[in-house]
Amino acid sequence: MSYPRLDINCTKIYFNTRTLINKLYKKRISITPVTKVFLGNPIITNVLINAGVNMIADSRVENIERIKLSGIKIPTMLIRTPMISQITNVLKYCNFSLNTEVSVIKKLSLEACKLDIKHGVIIMIELGDLREGVMPHQLFDFVNKIIKLPNIIIKGIGVNLACRYGVVPDKMKMSQLSELATSVENKFNIKLDIISGGNSASLYWAINNKNQTRVNNLRLGESIFLGCESLYQKPIKGLFTDAITLTAEVIESKIKPSLPWGERGCNAFGEKEDICDRGLVLQAIIALGRQDVSISGIKAPKGITIVSSTSDHLVVEAIKYPLFVGQKIKFELDYSGLLSSMSSPFIYKNFQNVKGFELLKK
Ligand SMILES: *Cc1c(COP(=O)(O)O)cnc(C)c1O
């Protein structure tokens, strides 16, 4: 086995997906898994499809292209507004896209006509987190400008919250989205199929909500893969939180002073921290660094403290017993840890229990 290594348990991801589908089915909400942390990996996509989802979402056209080129035929949704320079591939590989700019949708329409295909757009609405979205008071005007565009189908509306400023997707935001859906339908005499209420941060609302709303879809990444939601950083009942772990190897272990000696400037990353003398410590180096993973996104097991990191070295201290050279240390990951380590070419990706899923039909 190679290290550092991500162990990705397909069975646990399958069960997390099924559990979330079941929980939200009762609320009449479908889930669209977001594969961006897995860079559109076909093995994982297949696991999600086997669990019963009927659409896949990703923020990168390249990832969706990878899914489609692997032979997977499921409908796909691009969840970042398309770059004008990528329109042809968006149309080729994505059935739907989230949109916020009239100029982009016009270009989608133009190229869709040339390719003789239809493309569904979901209009994103700005509800306060100040990332993407059309301002609510400009929504009618926006729809007016795109409704007659050939080969464009207005498939629905959506919102994204809790990403930039952590604005909470609460009852008020969700009813606002619901009302906007109904008012667009009434004004333009159309039917919106998808009312997409956000990402994993909307789960808390969705699971606890008792009122009827028009929200009928969530786009979920973190909750499926890590079993928790970002808003309150809490595990979700019934989900595995250890479907994916990161294991790395100890390459040095020594008793060292905690206080550096010699004249001090900034370190390799332009940082200079104040150090207090804690006497001798059980220091170890793990072959894992900032080129592999965002260190703030990993959590060491009990008894081990992460003290610093450089490009290739993670310096840790053992609390009671010294670590030994060659020892394997297993870390938990949060979203930034998962995103960075999945994207790093230095991390070996070990997909576990793949067999069962390959046997099932795509
Ligand atoms: C990444 C992303 C999601 C999924 O977010 P999670 O927090 O992983 O559930 C949903 N919507 C958009 C627009 C995204 O970019």
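Residues numbered from 1 in each chain as written. Predicted model: local features only at pLDDT ≥ 70, side-chain atom pairs only at ≥ 80, totals over all residues. Heavy atoms only, no water.

Per an unreviewed UniProt entry, the recorded name for the protein chain is Alanine/ornithine racemase family PLP-dependent enzyme, and the organism is Aliivibrio finisterrensis. Check the Cofactor (unreviewed entry) section of the UniProt entry for the protein chain; it says "pyridoxal 5'-phosphate". (UniProt positions renumbered as here; feature names shortened; annotations may be inferred.)

A. Seen up close, the overall build of the protein chain. A count of helices and strands for the protein chain gives 11 helices and 18 strands. Judged by the C-alpha coordinates and their principal axes, the protein chain covers about 75 × 45 × 45 Å. Expressed as a percentage of the 362 residues in the protein chain, the buried residues total 49%. In the protein chain, the proportion of contacts linking residues at least 24 apart, taken out of those at least 6 apart, comes to 65%. Carbon and sulfur atoms make up 54% of the accessible area of the protein chain, which totals about 18000 Å². Positive and negative side-chain charges of the protein chain, numbering 47 and 31 respectively, have mean locations separated by a distance of 8 Å. (Helix = DSSP H or I, 4+ residues; strand = E, 2+ residues; numbered from the N terminus. Buried < 20%, exposed > 50% of the residue type's maximum accessible area, 1.4 Å probe, protein only. Contact = heavy atoms within 4.5 Å. Areas by Shrake-Rupley, 256 points an atom, 1.4 Å probe, with all protein chains shown as cover. Lys, Arg positive; Asp, Glu negative; His and termini not counted. Charge placed at Lys NZ, Arg CZ, Asp CG, Glu CD.)

B. Expanded view of the environment of Ile31. Mapped onto the elements, Ile31 comes out in strand S2 (residues 30-33). Classification of Ile31 by relative accessible area gives buried; the value is 5%. Separated by 279 residues in the primary sequence, Ile31 and Thr310 have C-alpha atoms spaced 39 Å apart. Not counting residues up to four positions away in its chain, the partners in contact with Ile31 are Thr17, Leu20, Ile21, Leu24, Val53, Asn217, Leu218, Leu220 and Ile224.

C. Representation of the environment of Ile123. Within the secondary structure layout, Ile123 lies in strand S6 (residues 119-125). Note on Ile123: relative accessible area 1%, which makes it buried. The spacing of Ile123 and Ile49 is 74 residues in sequence and 25 Å in space, taken between C-alpha atoms. If we ignore the near neighbours within four places in the chain, the residues touching Ile123 are Asn99, Val134, Leu139, Phe142, Val143, Ile146, Ile154, Gly156, Ile157 and Gly158.

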